[in-house]
Number of protein chains: 2
Amino acid sequence: MSIVQCVPNFSEGMNQEVVEKIVEAIRSVEGIKVLDYSSDKDHNRTVVTLVGSKEKIVEGVFQGAKKAAELIDMTTHKGEHPRMGATDVIPFIPIKDVTMEECIDLARTLGQRIGEELKIPVYLYEKAASATHRTNLAKVRKGEYEGLQEKMQEDKWKPDYGPSAFNPKSGATAVGARMPLVAFNVNLDTNNIDIANKIAKNVRHAGGGLHSVKAMGVELKERGIVQISMNMVDYKKTPLYRAKELIKVEAQRYGVSVIGSEVIGLVPMDALIETVDYYLGLEEFKKDQILENRLFQG
Amino acid sequence: MSIVQCVPNFSEGMNQEVVEKIVEAIRSVEGIKVLDYSSDKDHNRTVVTLVGSKEKIVEGVFQGAKKAAELIDMTTHKGEHPRMGATDVIPFIPIKDVTMEECIDLARTLGQRIGEELKIPVYLYEKAASATHRTNLAKVRKGEYEGLQEKMQEDKWKPDYGPSAFNPKSGATAVGARMPLVAFNVNLDTNNIDIANKIAKNVRHAGGGLHSVKAMGVELKERGIVQISMNMVDYKKTPLYRAKELIKVEAQRYGVSVIGSEVIGLVPMDALIETVDYYLGLEEFKKDQILENRLFQG
């Protein structure tokens, strides 16, 4: 069975009754499992994590977006987090037995439904973007809800789906596809934050380092050590082991050692298997050799 | 959801119709999944691999044993593999969210049902054994079907469940609990089988090496290399990484390197996670951080 993850962000984080109704609408779809949801009052925003097969996931998140369109009024919304719509962003994330291409198709299918059935303008973003300048979510959302009516008039920012007219109550929704993000931190046996910052700079993509890695140095004051805190934004391009081993190599020049690591939050099994595969030097290991993977097939 | 694996062996490997009926009886139980079954004509024996939750697994394998009691007649059975009953052995194997203690309970529950409902003598073995001398399956089965009637008269070999009288049609069944076996081979960059044999001897438990590891040297003639072929009979006692790293250390004295490895057949996810955990030096990683593990809970 395929597994697609979806992490819709809704512009309501204060009224718990509204939040529960949106989550309930998602849960009401058979085959959908809500793994987590959390609201932030200052951001006035709720992030829901759900999973389902590629056949079911669109219906699940659509029901959430429909309920949000009904219950959230953007004309009175205030919050610290940038936002442009009642359902603000919806990324689809491939987890198991589903390709990125298929997740892009899911984004398009959902975008079209939100546009046509809910009359909400939709922008495709990240891997699903219809043009390069729409890849980056921050750019798509720039100007936020307050600037949307004007922005939509520009040719460059015509919505991908839905009405070309502004929808005051619901704003607009960004629907996209991206790889799962793995939060991976590597600990060093020094309290020197300068060393951590130098290593982080050499390891991260922006510094000339590894593809799809964001990294920064962090002090763990209680433990008296420092850490390279990373976001692995595409574990297929750069697996966990490569980041850890490169940090080890970079740390050597300072006489510093890696003393441990941590994975924060959820990680797809695949990301760990890539790492077993490397360290054991497995030849031709197939994922369906993992007993659990055989269990939920067909 | 818990996952228990069960690998019953039936004394029929020639009559495919009988084999299919036994497998069908197992499959007819809701919640049971038959992952694999294969028959050997020389052994005149079929090995079925099924999985199910701890609530369902006993019913699944019981239905198979019941059908085997109906369709297999041990009075006429011939085959190269040692055997003492129509359903010869039934090991329960903990895979996920289930303890060895619980698997021992499953063995007892099933043993009692087979004894009472099918009137077949049952011996508990391995981790489920009711006495030390019954732990080893080869000893329980010694004398085979032909010697069973006499063996059952000895106080030492009174069955754990079922009639104390010999059942000529069905013989006896051994029901037990054990850890999953992982077939793990490590390849070396030499064609010298003596080196492989020496390393295998130092690594395996019988040679003073690692607990729960069976190992032997094997030539891969086509590739011109040798291999340490291992059965990891308890990956919690000796994880895969430890065997690989010890082979690396032992190989060094011969100037030989590890050039790869392979896992043959099925492996529980847990056995791979132990290995990721070691190589990344993960601190406090919890298995429910693996997204797939969250999916099938509750």
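- Chain A is annotated in an unreviewed UniProt entry as glutamate formimidoyltransferase of Alkalicella caledoniensis.

### Some remarks on the domain arrangement of chain A
Turning to step 1, where the next piece is worked out: Domain boundaries in chain A define domain 1 (3–177) and domain 2 (182–291).
Turning to step 2, where the next piece is worked out: Here the C-alpha centre of domain 2 of chain A lies 31 Å away from the C-alpha centre of domain 1 of chain A.

### Details of the pairing of strand β5 (residues 87–96) of chain B
Residues and elements named next belong to chain B.
Turning to step 1, where the next piece is worked out: Among the 10 residues that make up β5, 10 are buried, leaving the element largely enclosed by the rest of the structure.
Turning to step 2, where the next piece is worked out: Both strand β1 (residues 3–6) and β5 contribute to a ladder of 4 bridges, which runs antiparallel. Bridging across to β5, V4 finds its partner in P94.
Turning to step 3, where the next piece is worked out: Pairing of β5 with strand β7 (residues 173–177) involves 4 bridges; the strand directions are parallel.

### Topic: the side chain of T173(B)
Residues and elements named next belong to chain B.
Turning to step 1, where the next piece is worked out: Among the structural elements, T173 can be located in strand β7.
Turning to step 2, where the next piece is worked out: A polar contact of 2.7 Å, which involves the side chain of T173, links it to the backbone oxygen of T87.
Turning to step 3, where the next piece is worked out: Dropping the residues within four chain positions of it, T173 is found in contact with M84, T87, D88, I90, I120, P121, V122 and Y123.

### Regarding the interface of chain B and chain A
Turning to step 1, where the next piece is worked out: At the junction of the two partners, chain B supplies 45 residues and chain A supplies 45 residues.
Turning to step 2, where the next piece is worked out: When chain B packs against chain A, close to 4,000 Å² is buried across both sides, 65% of that on carbon and sulfur atoms.
Turning to step 3, where the next piece is worked out: Considering only the side of chain B, the residues that lose the most area to chain A are L280(B), E283(B) and L291(B), jointly responsible for 18% of the buried surface there.
Turning to step 4, where the next piece is worked out: Linking E283(A) and R223(B) is a salt bridge whose minimum nitrogen-to-oxygen distance equals 2.9 Å.
Turning to step 5, where the next piece is worked out: Here chain B and chain A share 22 residue pairs in polar contact (both at pLDDT 80 or more) between them.
Turning to step 6, where the next piece is worked out: Residue assignment for the side of chain B that touches chain A shows that the elements contributing at least two residues are β1, β3 (33–40), β5, β8 (182–188), α7 (240–252), β11 (258–264), α8 (269–280) and α9 (291–295) of chain B.
Turning to step 7, where the next piece is worked out: If you tally residues by element for the side of chain B that touches chain A, the top one is α8(B), at 7 residues.
Turning to step 8, where the next piece is worked out: Partitioning the side of chain B that touches chain A into residue classes produces 26 nonpolar, 10 polar and 9 charged.

### Structural notes on the pairing of strand β4 (residues 45–52) of chain B
Residue and element names in this part refer to chain B.
Turning to step 1, where the next piece is worked out: Buried residues dominate β4, accounting for 7 of its 8 residues.
Turning to step 2, where the next piece is worked out: Note that strand β2 (residues 9–10) and β4 share 2 bridges and pair antiparallel. Across the sheet, residue F10 finds its bridge partner in β4, namely T46.
Turning to step 3, where the next piece is worked out: Taken together, the 7 bridges between β3 and β4 define a ladder with antiparallel strand orientation. From the neighbouring strand, K33 faces β4, where its bridge partner is V51.
Turning to step 4, where the next piece is worked out: Taken together, β3 and the strand that follows it, β4, pair antiparallel across an intervening segment of 4 residues, in which N44 is found at a positive phi of about 50°.

Reading the values: the criteria
Residues numbered from 1 in each chain as written. Chains lettered and ligands numbered in written order. Predicted model: local features only at pLDDT ≥ 70, side-chain atom pairs only at ≥ 80, totals over all residues. Heavy atoms only, no water. Domains from an automatic or database assignment. Buried < 20%, exposed > 50% of the residue type's maximum accessible area, 1.4 Å probe, protein only. Helix = DSSP H or I, 4+ residues; strand = E, 2+ residues; numbered from the N terminus. Pairing = 2+ DSSP bridges. Polar contact = N/O pair within 3.5 Å; in protein donor to acceptor, adjacent residues only side chain to side chain. Contact = heavy atoms within 4.5 Å. Buried area = accessible area lost by both parts, 1.4 Å probe. Salt bridge = Lys/Arg side-chain N within 4 Å of Asp/Glu carboxyl O. Nonpolar A, V, L, I, M, F, W, Y, C, P; charged D, E, K, R; others polar.

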